[in-house]
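This is what each chain is made of:
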Amino acid sequence: MKTIRLLYPDYVSGGLETYYFGANLMAHILPENEKQPLFKVEIAPPDGKERSVADGIYAKDEVLDGIKSAMRVIEEAKPDKIITIGGNCVVSQASFDYLHGLYENTGIIWIDAHPDVSTVKDNYPNAHAMVLGSLMGYGDSSLSDLMKNRKFNADEILYVGLQGLHDYQEKFLKDMGVDFKVQTEEFVSDDEIRAFMNRFEHILVHLDIDVLDAALFHSTYFANKDLVGDGSGSGRMTIEKLDDVMKCITDNSDVVGLTIAEYLPFDEHKLHNMFSQIKLFTE
């Protein structure tokens with residue numbers, strides 16, 4: 001079995017340059033494994049420029065070009081398993097679509113405070129909030145039409161860590177028939193996770209770091225008080241609980257794809273930018 005690591009530092013889909021920095025830092029944080037070659041999706045480094053919104057999507061051409069580039073890298077590598085290192089949540093589209101083409105009986109565990117099923121009509125232009133809707137075939141057509149394999153069904157998705165929803169998100173999930181539970185009081189249990197996994201031969205895991213409580217883990221979107229996004233709130237999970245969830249999943253199923261997304265180390269990025277202005281480091 002060939003497992004690759006796909007470094008995909010997309011930042012324009014989330015509208016924050018720290019996504020780029022965070023993805024590259026995450027690639028160093030993960031345990032080393034020489035048996036897992038690293039492939040990189042070439043994303044132009046942040047340039048400080050504002051992009052425009054086209055057809056309801058911020059930096060639409062760059063977003064689509066990134067997904068197409070990721071698809072090419074994956075198809076050339078021909079892996080059996082993929083660890084995708086983002087960047088923001090949109091990075092799951094290419095790898096999950098590819099793996100769904102290899103493994104038909106596959107479920108998705110979406111570990112996230114948010115459902116990621118927004119559409120352009122919801123007036124939030126950042127594509128990272130649209131990716132699971134796209135994988136289901138109900139996102140913007142420019143995103144969903146890039147997929148080469150069968151779209152995911154509503155009963156092939158389990159949310160872990162999901163927090164309070166906007167009305168339009170709740171309506172989408174109910175209209176599509178997704179069985180979801182808002183987990184503001186308690187998370188789905190290990191038994192519920194295992195029951196879901198037992199229905200599938202293979203599992204894809206999408207881990208959005210903002211499932212963690214921003215008061216306890218500060219490298220998330222919601223730890224930055226200057227950001228408001230679409231008005232959503234922070235996750236409530238501790239790192240210890242996330243550890244338990246990940247072990248439950250990986251110890252009891254065949255995980256063929258794992259995405260790590262939305263790691264936003266704001267303090268470290270500020271340090272990097274500070275040192276970048278000091279002549280001693282650049283001369």
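Because the structure is a prediction, the values reported are computed rather than measured.

A.B. asks: Quick one: what's the story with helix H8 (residues 239-252), residue by residue and with numbers?
C.D. replies: Between its first and last C-alpha, H8 extends 20 Å over 14 residues, near the 20 Å set by a 1.5 Å rise per residue. Residues of H8 that are buried: Leu242, Val245, Met246, Cys248 and Ile249. Down the axis of H8, the sector holding all buried residues measures 155°, keeping them to one side. Facing away from the buried side of H8, by more than 90 degrees, are the exposed residues Glu240 and Asp251. In this structure, the buried residues of H8 make contact with strand S6 (106-111), strand S7 (157-160), helix H7 (190-197), strand S8 (202-208) and strand S9 (255-261).

A.B. asks: Could you give an account of the packing of aromatic side chains, with specific residues and numbers?
C.D. replies: In the structure shown here, the tally under the stated rule is six aromatic pairs. Consider the rings of phenylalanine 196 and phenylalanine 200, whose centres lie 5.0 Å apart with planes at 50°: the pair is tilted.

A.B. asks: Lay out a nonpolar patch on the surface with the relevant residues and their values.
C.D. replies: Taken together, the side chains of Leu271, Met274, Phe275, Ile278, Leu280 and Phe281 define a hydrophobic patch exposed on the protein surface, amounting to about 590 Å² of accessible area. Mapped onto the nonpolar patch, the elements with two or more residues apiece are helix H9 (266-276) and helix H10 (279-282). The biggest single contributor to the nonpolar patch is H9, with three residues. Tracing the backbone through its elements, the reader meets methionine 274 in helix H9. Here methionine 274 falls in the partly exposed class, since its relative accessible area comes to 42%.

A.B. asks: Before we move on, could you go through the pattern of salt bridges and cite the residues and values that matter?
C.D. replies: Applying the stated criterion to the full structure yields twelve salt bridges. Between aspartate 55 and lysine 60 there is a salt bridge whose closest N-O contact spans 2.9 Å. For aspartate 55, a relative accessible area of 59% puts it in the exposed group. The structure contains a network of salt bridges with shared partners spanning Asp47, Arg51 and Glu62.

A.B. asks: Go over the pairing of S6 with me, naming the residues and quoting the values.
C.D. replies: The element S6 is largely enclosed, with a buried count of six among its six residues. In the sheet, S6 pairs with S8 via six bridges, with the strands oriented parallel. Bridging from a neighbouring strand, glycine 107 pairs with isoleucine 203 of S8. For S6 and S7, the ladder comprises four bridges, and the chain directions are parallel. Paired with isoleucine 108 across the two strands is isoleucine 157, which belongs to S7.

A.B. asks: Run through the packing of helix H1 (residues 18-29) against H9, naming residues and quoting values.
C.D. replies: Running from N to C, H1 and H9 point in directions that differ by 100°, and their axes come no closer than 10 Å. One element, H1, and the other, H9, form an angle in the roughly perpendicular class. Of the residues in H9, those in contact with Thr18, Phe21 and Leu25 of H1 are Phe266, Glu268, His269 and His272. Among the residues making up the contact of H1 with H9, the classes are represented as three nonpolar, three polar and one charged.

A.B. asks: Please give an account of H1 that cites residues and values.
C.D. replies: Here H1 is twelve residues long and its end C-alpha atoms lie 16 Å apart, about the 16 Å a rise of 1.5 Å per residue gives. When H1 is considered as a whole, its buried residues turn out to be Thr18, Tyr19, Tyr20, Phe21, Gly22, Ala23 and Met26. Structurally, H1 contributes buried residues whose contacts are with strand S1 (3-8), strand S2 (38-40), strand S5 (81-86), S9 and H9.

A.B. asks: Outline the side chain of glutamine 169, listing residues and values.
C.D. replies: Its place among the elements puts glutamine 169 in helix H6 (residues 167-176). Discounting chain neighbours no more than four positions away, the residues touching glutamine 169 are Pro115, Val117, Ser118 and Asp230.

A.B. asks: Describe in detail the packing of H7 against H8, supporting the description with residues and values.
C.D. replies: Contact geometry of H7 with H8 gives a least axis separation of 10 Å together with a crossing angle of 30°. The pairing of H7 with H8 is recorded here as roughly parallel in orientation. The interaxial crossing formed by H7 with H8 has right-handed handedness. Together, Asp190, Ile193, Arg194 and Met197 of H7 and Lys241, Val245, Cys248, Ile249 and Asn252 of H8 make up the contact between the two elements. Here the residues of the contact of H7 with H8 sort into five nonpolar, one polar and three charged.

A.B. asks: Which residues make up the nonpolar core, and what values do they have?
C.D. replies: Membership of the largest hydrophobic core comes to 60 residues, with the highest contact counts inside it found for Ile67, Trp110, Leu132, Leu135, Tyr159 and Leu173. The biggest single contributor to this core is helix H2 (residues 60-77), with eight residues. With residues up to four places along the chain from it excluded, the contact list for tryptophan 110 reads Ser92, Phe96, Pro115, Asp116, Val131, Leu132, Leu135, Leu158, Tyr159, Val160 and His206. Ranked by size, the runner-up nonpolar core spans 32 residues in total, among them Ile85, Ile109, Met197 and Leu258.

About the cut-offs
- Numbering of residues starts from 1 in each chain and follows the order in which that chain's sequence is written.
- Side-chain atom pairs in this predicted model are given and counted only at pLDDT of 80 or more, local residue features only at pLDDT of at least 70, and totals for whole chains, interfaces and linings cover all residues.
- As a convention, hydrogens and water are excluded, and side-chain values are obtained from all of the structure's heavy atoms.
- Numbered from the N terminus, helices here are DSSP runs of H or I no shorter than four residues, and strands are runs of E no shorter than two.
- Multiplying 1.5 Å by the residue count of a helix minus one yields the expected span of that helix.
- Residue exposure (1.4 Å probe, protein chains only): buried if accessible area is under 20% of the type maximum, exposed if over 50%, otherwise partly exposed.
- This arc describes the spread of directions from the helix axis toward the C-beta atoms.
- Throughout, a residue-residue contact means that at least one pair of heavy atoms, one from each residue, lies within 4.5 Å.
- Only rings of Phe, Tyr and Trp enter the pairing, Trp through its six-membered ring, and a pair is recorded when the two centres are within 6.5 Å. The plane angle decides the type: under 30 degrees is stacked, over 60 is edge-to-face, the rest tilted.
- What goes into a patch is any residue over 30% in relative accessible area without a salt bridge, connected to like charges within 9 Å or, for nonpolar side chains (Val, Leu, Ile, Met, Phe, Trp, Tyr), within 5 Å.
- The method behind every accessible area is Shrake-Rupley, applied with a 1.4 Å probe, and residues are considered shielded solely by the protein chains displayed.
- Here, a salt bridge means any side-chain nitrogen of Lys or Arg that lies within 4 Å of a carboxyl oxygen of Asp or Glu.
- At least two DSSP bridges between two strands are required for those strands to pair.
- Helix axes are fitted to C-alpha atoms over the stretch in contact, other axes to C-alpha atoms as well, and angles between N-to-C directions run from 0 to 180 degrees.
- Roughly parallel here means an angle under 35 degrees, roughly antiparallel means over 145, roughly perpendicular means 65 to 115, and every remaining angle is called oblique.
- Basically, the charged four are Asp, Glu, Lys and Arg, the nonpolar ten are Ala, Val, Leu, Ile, Met, Phe, Trp, Tyr, Cys and Pro, and anything else, Gly included, counts as polar.
- Here a crossing is taken to be left-handed if its near helix is turned anticlockwise relative to the far helix by less than a right angle, and right-handed if that turn runs clockwise.
- Only buried Ala, Val, Leu, Ile, Met, Phe, Trp, Tyr and Cys residues count toward a nonpolar core, and they belong to the same one when joined by side-chain atoms within 4.5 Å.

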